[in-house]
Amino acid sequence: MDKGNLIIKLVKGFIIGASMLVPGASGGTMAIILGIYDDLIHAVSTLRQHFKENAILLGTYGCAGVIGILLFSRPMLAAITMWPKPTMFFFLGAILGSIPPLYRKVRTDRLKPINVVVAGLGALLGVSTRFLPAGVITLSDSFQMVSVLMLLFAGLIIAVALVLPGISASYILLMLGMYDITLVAIQDLNLLFLLPLAIGVVGGTLLTTEILGNAMEKHPQFTYMLIIGFMIGSLLEVFPGVPQGLDILYCLITFVAGLFIILRIGRNRTY
């Protein structure tokens, strides 16, 4: 791995990590936006066959992602707190901008009608996450009393959100009633809380990615159309409501900025 390529990988991993703690922002979607989603899925699904090469790739992105989470969680959450609608409209634009490059991947042959239906089902599944009841899992604020098994289970659920584009891991944390306590644990580096959660995430990611990797290889158009549907459905989850007053101008600017930046990246990307 040459130095320039390593820096690019570190920057992309850093960006993915920094974005993952923003409710509504999907790590899988961000990986698609940056053009590394397929590489990550392939590396995880073939980890045992080419362990050294894939471990280096995943370790590079993973370490950079962790640094991004640690360094940028507070500033990004501050942006969500101070400018919630303009920030979320930026993500809306970014998600929409990432769909055309992804769609070009499924048009290698004729688009089958059944896969259009699949995209619709994916969109419905994406929308349905908005209506899941909050607080499905309630955790104690005392980290010493947290159930390890509960954290492992929560990690498995979060792993699915990490792998599938359009599903926000932070939103899943909110749904499980774990968002605030997880942020506190990250900021305090509370390993008693983070280690069981991380083990569940890693195990769930390996399982989910192997299934998704096989689906991409055997049924690429079906799988990508399902992913596109998820992303379209996730737009409702990200949409923060209709802006008022000057927020209309700010949201329009951030939306166009997010759309333009990602379309530009997608135009210059080689698949």
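Residues numbered from 1 in each chain as written. Predicted model: local features only at pLDDT ≥ 70, side-chain atom pairs only at ≥ 80, totals over all residues. Heavy atoms only, no water.

Asker: Give me the lowdown on the overall build of the chain, citing residues and values where you can.
Answerer: Helix and strand counts for the chain come out as twelve helices and zero strands. Counting from the amino terminus, helix and strand elements in the chain follow one another as α-α-α-α-α-α-α-α-α-α-α-α. Counting over 271 residues, the chain shows a buried share of 49%. Long-range pairs, those at least 24 residues apart, make up 81% of the contacts in the chain with a sequence separation of at least 6. Summed over its atoms, the accessible surface of the chain is roughly 14100 Å², and 72% of this surface lies on carbon and sulfur atoms. (Helix = DSSP H or I, 4+ residues; strand = E, 2+ residues; numbered from the N terminus. Buried < 20%, exposed > 50% of the residue type's maximum accessible area, 1.4 Å probe, protein only. Contact = heavy atoms within 4.5 Å. Areas by Shrake-Rupley, 256 points an atom, 1.4 Å probe, with all protein chains shown as cover.)

Asker: Mind laying out the packing of aromatic side chains, listing which residues take part and the relevant values?
Answerer: Tallying each qualifying case throughout the model produces one aromatic pair. Centre to centre, the rings of Phe89 and Phe239 are 5.9 Å apart; their planes meet at 70°, and the pair counts as edge-to-face. Placement of the pair is Phe89 in helix 5 (residues 84–106) and Phe239 in the loop between helix 11 (220–238) and helix 12 (247–268), with a sequence separation of 150 residues. The class for Phe239 is partly exposed, based on a relative accessible area of 33%. (Phe/Tyr/Trp six-rings, centres within 6.5 Å; stacked < 30°, edge-to-face > 60°.)

Asker: Describe the side chain of Asn115, naming the residues involved and giving the relevant values.
Answerer: Its location among the elements puts Asn115 in helix 6 (residues 113–128). With residues near it in sequence (within four places) discarded, Asn115 still touches Gln221, Phe222 and Met225.

Asker: Can you lay out the confidence of the model for the chain for me, pointing to particular residues and giving the numbers?
Answerer: The share of residues in the chain with pLDDT of 70 or more is 79%, and the mean pLDDT across the chain is 77. When the elements of the chain are averaged for pLDDT, helix 8 (residues 169–175) gives the smallest value, 69, and helix 3 (residues 37–45) the largest, 83. Residue range residues 135–146 is modelled with pLDDT below 50. Its contacts to residues more than four positions away, or to other chains, number 29 contacts. (pLDDT = per-residue confidence, 0-100.)

Asker: Tell me about the environment of Asn214, and please be specific about residues and values.
Answerer: Tracing the backbone shows Asn214 in helix 10 (residues 191–218). Classification of Asn214 as partly exposed rests on a relative accessible area of 37%.

Asker: Got a sec to walk through the environment of Tyr224? Specific residues and values, please.
Answerer: Within the secondary structure layout, Tyr224 lies in helix 11. C-alpha separation for the pair Tyr224 and Leu102, spaced 122 residues apart in sequence, amounts to 7.6 Å.

Asker: Explain the packing of helix 7 (residues 148–163) against helix 10 to me, and be specific about the residues and the numbers.
Answerer: Taken N-terminus to C-terminus, the directions of helix 7 and helix 10 make an angle of 40°; their axes are 6 Å apart at the nearest point. Between helix 7 and helix 10, the crossing angle belongs to the class labelled oblique. Between helix 7 and helix 10 lies a crossing of right-handed hand. Grouping the constituent residues of the contact of helix 7 with helix 10 by class yields 17 nonpolar, seven polar and no charged. (Axes fitted to C-alpha atoms, helices over the stretch in contact; angles between N-to-C directions. Parallel < 35°, antiparallel > 145°, perpendicular 65-115°, else oblique. Left-handed = near helix turned anticlockwise from the far one by under 90°. Nonpolar A, V, L, I, M, F, W, Y, C, P; charged D, E, K, R; others polar.)

Asker: Outline the nonpolar core, supporting the account with residue identities and numerical values.
Answerer: Counting 39 residues, the largest nonpolar core has Ile16, Tyr37, Leu102, Leu212, Met216, Ile227 and Met231 as its most contacted members. Elements with a minimum of two residues in this core: helix 2 (27–33), helix 3, helix 4 (51–82), helix 5, helix 10, helix 11 and helix 12. The contact partners of Leu212, leaving out residues within four places of it in the chain, are Tyr37, Ile41, Val163, Leu164 and Thr223. By size, the runner-up hydrophobic cluster in this structure holds 18 residues, among which are Ile69, Ala161, Leu183 and Phe193. (Core = buried A, V, L, I, M, F, W, Y, C linked by side-chain atoms within 4.5 Å.)

Asker: Go over the side chain of Thr209, please, and point to the residues and values.
Answerer: By the element assignment, Thr209 lies in helix 10. According to the relative accessible area criterion, Thr209 is buried, its value standing at 2%. Polar side-chain contacts of Thr209 include one of 2.6 Å to the backbone oxygen of Thr205. Excluding anything up to four places from it in sequence, Thr209 contacts Ile41, Val44, Ser45 and Val163. (Polar contact = N/O pair within 3.5 Å; in protein donor to acceptor, adjacent residues only side chain to side chain.)

Asker: Before we move on, can you summarise a nonpolar patch on the surface with the specific residues and values?
Answerer: The grouping of Val66, Ile67, Leu70, Leu71, Phe72 and Leu189 at the surface amounts to a nonpolar patch, some 550 Å² of accessible area in total. Topologically, Leu189 is positioned in the loop between helix 9 (179–188) and helix 10. (Patch = residues over 30% accessible without salt bridge, like charges linked within 9 Å, V, L, I, M, F, W, Y side chains within 5 Å. Salt bridge = Lys/Arg side-chain N within 4 Å of Asp/Glu carboxyl O.)

Asker: Which residues make up helix 6, and what values do they have?
Answerer: The end-to-end C-alpha distance of helix 6 is 23 Å, a good match for the 22 Å that 16 residues give at a rise of 1.5 Å each. Residues Asn115, Val118, Ala119, Gly122, Ala123 and Gly126 constitute the buried set of helix 6. Buried residues of helix 6, seen end-on, are gathered within an arc of 145° and therefore sit on one face of the element. Helix 6 presents Pro113, Ile114 and Leu124 as exposed residues on the side facing more than 90 degrees away from its buried surface. (Expected span 1.5 Å × (residues − 1). Arc of directions from axis to C-beta.)

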